[in-house]
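Structure assessment
Residue-level listing of the chains:
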Amino acid sequence: KAGVTQTPRYLIKTRGQQVTLSCSPISGHRSVSWYQQTPGQGLQFLFEYFSETQRNKGNFPGRFSGRQFSNSRSEMNVSTLELGDSALYLCASSLTSGDIQYFGAGTRLSVL
Amino acid sequence: QKEVEQNSGPLSVPEGAIASLNCTYSDRVSQSFFWYRQYSGKSPELIMSIYSNGDKEDGRFTAQLNKASQYVSLLIRDSQPSDSATYLCAAGGYQKVTFGTGTKLQVIP
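Here goes a summary of the coordinates provided. (Residues numbered from 1 in each chain as written. Chains lettered and ligands numbered in written order. Predicted model: local features only at pLDDT ≥ 70, side-chain atom pairs only at ≥ 80, totals over all residues. Heavy atoms only, no water.)

On to the packing of aromatic side chains, then. All told, the structure shown has 10 aromatic pairs over all chains when counted by the stated rule. With 5.4 Å between their ring centres and 55° between their planes, B:Tyr36 and B:Phe99 make a pair best called tilted. Here B:Tyr36 is found in strand β4 (residues 32–38), whereas its partner B:Phe99 is found in strand β10 (residues 96–99), with 63 residues between them in sequence. Taking the relative accessible area as the measure of exposure, B:Phe99 reaches 10% and is therefore buried. Here the aromatic residues A:Tyr35, A:Phe45, A:Phe103, B:Tyr36 and B:Phe99 are joined through ring pairs into a cluster of three or more. Sitting over the face of the ring of A:Phe50, A:Arg55 holds its NZ or CZ atom 4.0 Å from the ring centroid. Seen from the ring of B:Phe61, B:Arg60 lies directly overhead, with NZ or CZ sitting 5.5 Å from the centre. (Phe/Tyr/Trp six-rings, centres within 6.5 Å; stacked < 30°, edge-to-face > 60°. Helix = DSSP H or I, 4+ residues; strand = E, 2+ residues; numbered from the N terminus. Buried < 20%, exposed > 50% of the residue type's maximum accessible area, 1.4 Å probe, protein only. Lys NZ or Arg CZ within 6 Å of the ring centre and 35° of its normal.)

In C-alpha cells:
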C-alpha cells in the first residue's frame, strides 16, 4: 500500500510569491492534516480536511489556505510569501479525524 | 497551558539503559494516544498507539497510559544510539490530534 506522497520535496521561492503544495493520502484515508515545522519548533497545526470540508484550522494568517478534492488529495497554498514561511511542511493522512496519522516525507520550502 | 506537554530535553541515557519519556495532556475527552519518532530532517513515524489504561508492549517499546492522571509515557529498553531522535507524544480526540513539542533523546554509546 502506497504511503502519503507530498510534492514537491523541495521548493525555493522569493518573498511575495505564492506556492502550492500537494499531498496524496494513503488510499482509503479521508482525513488530511497539514503542519508547519521550523527548526527547534514542534508541529504547528495548519488545518485539517475531511471529505472536502475543512474541519479544523490552526492559528495561521489567511495567507495560508487549503482544499481537498473528491479523491481526498489535498493542496495547500501560501500567498505573499514571507521569509518566516521557510519551513518543513508536513502532510498527514488518517482514516478518520482524531485517528492515527501517517506522515508524508514533507516539502521543504525556502523563501529568499 | 499547552494541550499536550512534554519536557523538551535533551534526555541523555547510556547505551543499553532504559529511556523514560513522559507526556501529560489536558483535554479529558482525548481517547487515543500516540508516540512518534522523528529523526532530524525527517518526518514523524508512528511507534506506538495506546487507547486504554495500562501498559502496551511492542518489542523494546512500552507505552503506558493513565487516564485518571492524564499521563502517557514511553519506555525504551536496551536503548541504542539509533534511538537518538525527537519523540512526539500526541493525543487524539473528537476530530483532532494534538501533538506535543517533543522530547529529544540522546543515547550515548
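Attention now goes to the state of the cysteines. Going through the model one piece at a time under the given rule, you end up with two disulfides over all chains. Here A:Cys23 connects covalently by a disulfide to A:Cys91, the sulfurs 1.7 Å from one another. One disulfide, between A:Cys23 and A:Cys91, carries an S-S torsion of -50° and so falls in the left-handed class. With A:Cys23 in strand β3 (residues 19–24) and A:Cys91 in strand β9 (residues 87–94), this pair connects stretches of sequence that are 68 residues apart. A single burial state applies to A:Cys23 and to A:Cys91, both of which are buried. Residue B:Cys23 pairs covalently with B:Cys89 via a disulfide, S to S 2.1 Å. Measuring handedness by torsion sign, the sulfur bridge of B:Cys23 and B:Cys89 sits at about -70° and is left-handed. (Disulfide = S-S within 2.5 Å.)

All names here are of chain A. Read across the sheet, four strands follow the order β1-β3-β8-β7 without closing on themselves; strand pairing throughout is antiparallel. The strands lining the two open edges of the sheet, one partner per strand, are β1 (5–7) and β7 (64–68). With strand direction ignored, the average angle separating the axes of adjacent strands in the sheet is 15°. Relative to strand β8 (residues 74–78), β7 is paired through five bridges, and the arrangement is antiparallel. Looking at β8, one finds that Phe-64 is bridged to Val-78. (Pairing = 2+ DSSP bridges. Axes fitted to C-alpha atoms, helices over the stretch in contact; angles between N-to-C directions.)

Next up on the list: the interface of chain B and chain A. Counting from both sides, the interface comprises 19 residues of chain B and, opposite them, 18 residues of chain A. Of the roughly 1,400 Å² buried between chain B and chain A on both sides combined, carbon and sulfur atoms contribute 56%. Area buried by chain B at its contact with chain A is led by B:Gln95, B:Val97 and B:Phe99, which between them contribute 35% of it. Run the count over chain B and chain A and you get zero salt bridges. Here chain B and chain A share four residue pairs in polar contact (both at pLDDT 80 or more) between them. Listed by contribution, the elements that provide at least two residues to the side of chain B that touches chain A are β4, β5 (45–50), β9 (85–93) and β10 of chain B. For the side of chain B that touches chain A, the element with the highest residue contribution is β4(B), accounting for four residues. (Contact = heavy atoms within 4.5 Å. Buried area = accessible area lost by both parts, 1.4 Å probe. Salt bridge = Lys/Arg side-chain N within 4 Å of Asp/Glu carboxyl O. Polar contact = N/O pair within 3.5 Å; in protein donor to acceptor, adjacent residues only side chain to side chain.)

This part takes up the environment of A:Ala87. Residue and element names in this part refer to chain A. Mapped onto the secondary structure, Ala-87 falls in strand β9. In sequence terms Ala-87 and Thr-5 are 82 residues apart; their C-alpha atoms lie 18 Å from each other. If we skip the residues at most four places from it in the chain, Ala-87 touches Gln-36, Gln-37, Thr-38, Thr-107, Arg-108 and Leu-109.

For the rest of this paragraph, the subject is the nonpolar core. B:Trp35, B:Val72, B:Leu74, B:Ile76 and B:Tyr87 are the most contacted members of the largest nonpolar core, which has 23 residues in total. Ignoring anything within four residues of it in the chain, the contact list for B:Val72 reads B:Leu21, B:Asn22, B:Cys23, B:Tyr25, B:Phe33, B:Trp35, B:Gln64, B:Leu65 and B:Cys89. (Core = buried A, V, L, I, M, F, W, Y, C linked by side-chain atoms within 4.5 Å.)

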